[in-house]
Amino acid sequence: MKRISLILFITIGFCACRLVAQEDIHKASIIIQADLGKYTISRHIYGHFSEHLGHCIYGGYWVGENSPIPNTRGIRKDVVNALKEIQIPNLRWPGGCFADEYHWKDGIGPRNLRPKMVNTHWGGVTEDNSFGTHEFMDLCEQLGTEPYICGNVGSGSVEEMSKWVEYLTFDGISPMADLRRQNGRDKAWKVQYWAVGNENWGCGGNMTPEFYSDQYKRYATFCRDYGENHLMKVAGGSNSADYNWTEILMQKIPSWQMWGISLHYYTTDWWNKGPATNFTEKQYFETLQRCLEIPKVIDRHMTIMDRYDPEKKVALVVDEWGTWFNVEPGTNPGFLFQQNTLRDAFVAGIHLNEFNKRCDRIKMANIAQTINVLQALIFTQDEKMLLTPTYHVFNLFKVHHDALLLPTSLTCDEYELEGKKLPALNVSASKDKNGLIHVTVVNIDPLNGFALKIDLRGVDAKDITGKILTAPEITAFNTFESPDAVKPAEFNKAGIGKDGISVPIPAKSIVVLEIK
Ligand code: AHR
């Protein structure tokens, strides 16, 4: 009996402590230097990536002209409207690994005559090439976004890539420009962003950095600028922490020959990816821990770049990033379809904040991938469309597009689990062309809110408003049956006082503040 009472006593005591912890408010402060902004946050940091993979292109964007799903020339209207809402600045296509086995001439001309191929990387399914160059460029025009095309180095040729550029961008009389006209497009398109291969250390040909650098220079030489069109060429960069790849490319490729060098960083444990939903707090902590490695990885690549290019002429282009979990049970493992929770929203918010803060070198980034694949913003199911928590982050953070980065310095308590600690808050700030200041704060601590003080230096704050993205659980996600389980709401709790700005940041939330 005595033993039972003791156990009861300990249990009640433990629960009481946990409750106290839940109500605990931690402290944090941010200094924002509102008059010391130097660098502009390129809107291209908010870019996208869509590959011929699973239901990203087919069913995601493309339903075909005869579909009962409302479309413009075969492209879904609901998806176009949703992406226009977040002001999608650029779209990377056709891959990914798919790019290095894609032969662009298979995707032009009458659709019924286009050859079919096997998509060997992604599920071994038949690719019928009904979505090709003209459809992609039409999609970009409907979205008002810039195309970012990835050419085939792995299994293509210099001639093939060079002719694709000519087909797209040459306005005079030439075999490729004439072919384009024959296929219904008179005017050349404008294409700026051009990747010379993808992951050429892996699926793009298993090359060494030395060999790839030489290949890059060969291919890049024959990707010409026609007329007013100027190609901004991106060399296929490193996998996460492969610093040697960056070192060799920077050493061997002159800065005049590349606009940027890419980097791919996925938030994943490759040996044990774990579920996208129903994860434990330990799995949550580990995901955020991996995500918070990104500043270190980027900084190390940037240090190497700085040595060869102190004037920062070469951009760092993080053209694949995001979470990678197990596919949803019962779905094709080659289609990489995963759900998207509040945890994904935090991963997105942290990446975007960290990219913003390094906008002197990072000029572009692309989340993998926009629809139905990996950390998607949008899910589609036949005629239905659903917005994920990650979509809402892109919508909330669009205030940073082309705004002036403001230096911030953050002090905050840590989020602790089983003796391990992570910085609980993550932040960036900018000033837009109308003088409005935006601060994006991510609080990953699932239990503790923060009493945040903002010391805004260099301007007088007159008014503050905000928006918040949160949910009752970190595992919360949207479904077609319950599409608004995680969605932004107005946030009116911030105040301006004599000693600065006070903001109660709730546990597990993203808060976006607008200061006038
Ligand atoms: O985004 C999925 C795949 O991940 C891409 O095709 C490839 O580049 C990367 O390994």
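Residues numbered from 1 in each chain as written. Predicted model: local features only at pLDDT ≥ 70, side-chain atom pairs only at ≥ 80, totals over all residues. Heavy atoms only, no water.

Chemist: Is there a simple way to explain the packing of helix H4 (residues 158–169) against helix H5 (residues 175–182) in this structure?
Modeler: Each pair of packed helices gets described by two things: the angle between the helix axes and the distance between those axes. Their axes nearest at 7 Å, the elements H4 and H5 cross at an angle of 55°. With respect to their mutual orientation, H4 and H5 come out oblique. The handedness of the crossing between H4 and H5 is right-handed. The residues of H5 that touch H4, namely those facing Lys163, Glu166, Tyr167, Leu168 and Thr169, are Pro175, Met176, Ala177, Leu179 and Arg180. (Axes fitted to C-alpha atoms, helices over the stretch in contact; angles between N-to-C directions. Helix = DSSP H or I, 4+ residues; strand = E, 2+ residues; numbered from the N terminus. Parallel < 35°, antiparallel > 145°, perpendicular 65-115°, else oblique. Left-handed = near helix turned anticlockwise from the far one by under 90°. Contact = heavy atoms within 4.5 Å.)

Chemist: I tried to follow the domain arrangement of the protein chain on my own but got confused; where do I start?
Modeler: Structurally, the protein chain comprises domain 1 (6–40 + 405–515) and domain 2 (43–293 + 320–402). On a C-alpha basis, the centroid separation for the pair domain 1 and domain 2 is 32 Å. With 44 residues of domain 1 at the contact, the number on the domain 2 side is 41 residues. Buried area between domain 1 and domain 2, both sides added, is near 3600 Å², and the carbon and sulfur share of it is 72%. For domain 1, the biggest contributors to the area lost against domain 2 are Asn426, Ile474 and Phe480; these three give 19% of the whole. On inspection of domain 1 and its partner domain 2, the count reaches zero salt bridges. Where the side of domain 1 that touches domain 2 is concerned, the elements lending two or more residues are strand S18 (414–417), strand S19 (420–423), strand S20 (425–431), strand S21 (437–443), strand S23 (464–470) and strand S27 (509–515). The biggest single contributor to the side of domain 1 that touches domain 2 is S20, with five residues. Grouping the constituent residues of the side of domain 1 that touches domain 2 by class yields 22 nonpolar, 13 polar and nine charged. (Domains from an automatic or database assignment. Buried area = accessible area lost by both parts, 1.4 Å probe. Salt bridge = Lys/Arg side-chain N within 4 Å of Asp/Glu carboxyl O. Nonpolar A, V, L, I, M, F, W, Y, C, P; charged D, E, K, R; others polar.)

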